[in-house]
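These are the residues of each chain, in order.
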Amino acid sequence: MRTKLIPLIALLLLCNAAGAHEHMPAMAMGHPLPGQSIYNLESEWTNQGGVPVRLAALRGRPVLAAMVYTHCKDVCPLTTEKMLAIGDKLPARSGVQFVLFSMDWVRDTPAQLATYAAQHHLDLRQWTLLHADESAVRELAAVLGVSFHRDANGDFQHSIAIFLLDSNGVVSAQENDLQAPPGAMVRNVRQLLARGRHGG
Amino acid sequence: MRRSVLAVLLALLATPPVVAGAPDRMVRLPAGQYVPFYARESTKAVRDGDHRPVPVEALWLDRDPVTNAQFLEFVKRHPQWRRSQIPAVFADGHYLARWASDFSFAAASDGERPVTGVSWFAAQAYCRAQGKSLPTTDQWEYALADGGRDAGALKAKILAWYATPNARDVPPVRTAGVNGYGVAGMVGLVWEWTLDFNSLLSGPDLRNTGSDERFCGGGSLGARDASDYASFMRYSMRSSLKASYTTNNMGFRCARS
């Protein structure tokens, strides 16, 4: 028994070494990424604390994600509120991560994202807000099928969606209707969590 | 004296500028403006049918669409974009389907033909590897519009090409005509990816935002000229794409600011 545990402990120690997990390659979780995983994107993002994050670092837990911009007056706050409403209906310690990807590569600096998180009372133990350059934003929008247009004022027209990613970063469900009650997405998350527990 | 200065100026204008370090096989397009087929910003003026020109900054654009031979060099250096290795999320099942294998074409002459069967991800990765990017839709349409030169003939040429069934083989790039800017094959070879092909939002996407009414009552309301069928085809085609799509008549070229 003990001999079996030693490699496991060693692996855990390695994973925790000096934030190295942020930069671990896709193979680090022990399996190659599925071909359909959006974590195949190699773009660099920065979180609200200014820490560089590779998408593959999100691997290991389900993710509820959306693309937003913080200067958005009407739709984006609704997106955040809807994600909060979904979170309220999930079991405590569900392990689900909430990720807001900013599409505003100019104005949504990490500091601006931290301000937004505070304004919306986002619990940073569960929420991550990410900034990246134009190229990374375009790639992510492309892979998620989010349409957007940045206008001359630097504001955005964009399609609306909240995505559920499985623990490997494969899109498992999508909600495009912000006015629909959170129940449908909550069911999707519960199903995903149940699958995870049974090794699916 | 004044006349000689004028003569020098005229001579300078008449001679194509030779730019130090001009990128290989790229063409410089001067800054200008053009009127997009769809105004993407829903101002009152646009709803009233006032279609304002959009400014376009000067840019470098590849003279020709990227060829199979050029794309082969790219995949040799970047294994993740080989046919056998590309993750499914970046390309559907027909990626480089016309190639015989990772490193060979069906026929040697295919090297000179535009590469097709490439997804947006692969096209953008190719451009980025060269320090370039896909052109924006505005940049691409600006290059096609050719500063308004021979607009009628251009429109007829575009329509004639769209009306022709796809040949089994895409023509070699050298067979394509050059427009007034010196850009080749904007018409007659392949459809081309743009950086922001996904920037034209349609009704259902915006259904619940309450912030847009452009498409209410029919998509043609926002159009510059509802009889411009060729432009309508191009804009519709782009908005129907997904970034992982690959087809046998769609290629790309790269741009640089």
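Residues numbered from 1 in each chain as written. Chains lettered and ligands numbered in written order. Predicted model: local features only at pLDDT ≥ 70, side-chain atom pairs only at ≥ 80, totals over all residues.

Chemist: For the overall build of chain A, give the residues involved together with the corresponding values.
Modeler: A count of helices and strands for chain A gives 5 helices and 9 strands. Moving toward the C terminus, one meets the helices and strands of chain A in the order α-β-β-β-α-β-α-β-α-β-β-β-β-α. Relative to its 200 residues, chain A shows a buried fraction of 38%. Look at the contacts in chain A between residues 6 or more apart in sequence, and 67% of them connect residues 24 or more apart. (Helix = DSSP H or I, 4+ residues; strand = E, 2+ residues; numbered from the N terminus. Buried ≥ 20, exposed ≤ 12 C-beta atoms within 10 Å, placed from the backbone. Contact = placed C-beta atoms within 7 Å.)

Chemist: I'd like a rundown of the sheet that holds strand β9 (residues 171-175) of chain A, residues and numbers included.
Modeler: Backbone hydrogen bonds hold the strands of a sheet together, and the pairing may be parallel or antiparallel. Residue and element names in this part refer to chain A. Strand order in this open sheet of 7 strands is β2-β1-β5-β4-β3-β8-β9, and the pairing throughout is mixed. This sheet does not close on itself; its edge strands, each paired only once, are β2 (52-54) and β9. The sheet shows a mean angle of 30° between the axes of neighbouring strands, direction not considered. In terms of strand pairing, strand β8 (residues 162-165) meets β9 through 4 bridges, oriented antiparallel. Its bridge partner being in β9, F163 is matched across the sheet by Q174. Here helix α2 (residues 75-88) sits on the sheet in contact with β3 (63-68), β4 (97-102) and β8, set at roughly 170° to β3. (Pairing = 2+ DSSP bridges. Axes fitted to C-alpha atoms, helices over the stretch in contact; angles between N-to-C directions.)

Chemist: Outline the interface of chain A and chain B, listing residues and values.
Modeler: Taken residue by residue, the interface counts 23 residues in chain A and 22 residues in chain B. For the side of chain A that touches chain B, the secondary-structure elements that each account for two or more residues are α4 (134-144) and β6 (148-150) of chain A. Here the side of chain A that touches chain B takes 5 residues from α4 of chain A, the largest share from any one element. Broken down by class, the residue content of the side of chain A that touches chain B amounts to 8 nonpolar, 11 polar and 4 charged. (Nonpolar A, V, L, I, M, F, W, Y, C, P; charged D, E, K, R; others polar.)

Chemist: Please set out the nonpolar core residue by residue, giving values where relevant.
Modeler: Grouped together as the largest cluster of nonpolar side chains are 96 residues, with contacts concentrated most on L64 and A66 of chain A together with A122 and A123 of chain B. The element best represented in this core is helix α4 (residues 120-129) of chain B, accounting for 7 residues. Excluding residues that lie within four positions of it along the chain, A66 of chain A makes contacts with T79, M83, L100, A161, I162 and F163 of chain A. F37, L200, L201 and Y235 of chain B belong to the second largest nonpolar core, which has 5 residues in total. (Core = buried A, V, L, I, M, F, W, Y, C linked by C-beta atoms within 7 Å.)

Chemist: With reference to specific residues and values, describe the sheet that holds strand β9 (residues 255-256) of chain B.
Modeler: Residues and elements named next belong to chain B. Taken in spatial order, the 3 strands of this open sheet run β1-β4-β9, and their pairing is antiparallel. The open sheet has two free edges, formed respectively by β1 (26-29) and β9, since each of these has just one partner strand. Pairing of strand β4 (residues 59-62) with β9, which is carried by 2 bridges, proceeds in the antiparallel orientation. What sits directly across from W60, in β9, is R256.

Chemist: Give me the pairing of β8 of chain A: which residues, what numbers.
Modeler: Residue and element names in this part refer to chain A. Burial along β8 is two-sided: the face carrying I162 and L164 and the face carrying F163 and L165 are both buried. Sheet analysis places β3 next to β8, joined by 4 bridges and oriented antiparallel. Counterpart to L64 in the pairing with β8 is L164.

Chemist: Describe the environment of T115 of chain A, with residues and values.
Modeler: Inspection of the secondary structure assignment puts T115 of chain A in helix α3 (residues 110-119). Distance in space between the C-alpha atoms of T115 of chain A and Q48 of chain A is 8.6 Å, their sequence separation being 67 residues.

Chemist: Can you explain α2 of chain A? Please cite residues and give values.
Modeler: Its 14 residues place the ends of α2 of chain A 20 Å apart at the C-alpha level, agreeing with the 20 Å of an ideal helix rising 1.5 Å per residue. In this fold, the buried residues of α2 of chain A make contact with β3, β4, β8 and α5 (183-197) of chain A. (Expected span 1.5 Å × (residues − 1).)

Chemist: Break down unusual backbone geometry for me, citing the residues and quoting the values.
Modeler: Where the residue is not glycine, phi is negative for most of them; where a peptide bond is considered, it is trans in most cases. The phi dihedral of H121 of chain A falls on the positive side, at around 55°, and the residue is not glycine. Residue position: H121 of chain A is located in the loop between α3 and β5 (127-131). You will see that D150 of chain B, though not glycine, has its phi angle at about 45°, which is positive. Tracing the backbone through its elements, the reader meets D150 of chain B in the loop between α5 (137-145) and α6 (151-163).

Chemist: So what's going on with the confidence of the model for chain B? Residues and values would help.
Modeler: All names here are of chain B. Mean pLDDT over chain B works out to 83, with 77% of the residues at or above the 70 mark. Overall, residues 9-19 carries pLDDT values under 50, and its contacts beyond four positions in sequence, including any with other chains, amount to 1 contact. Ignoring residues within four places in sequence, the model shows residues 203-221, a span with pLDDT below 50, making 23 contacts including any to other chains. With pTM at 0.84, the complex prediction returns an ipTM value of 0.82. (pLDDT = per-residue confidence, 0-100.)

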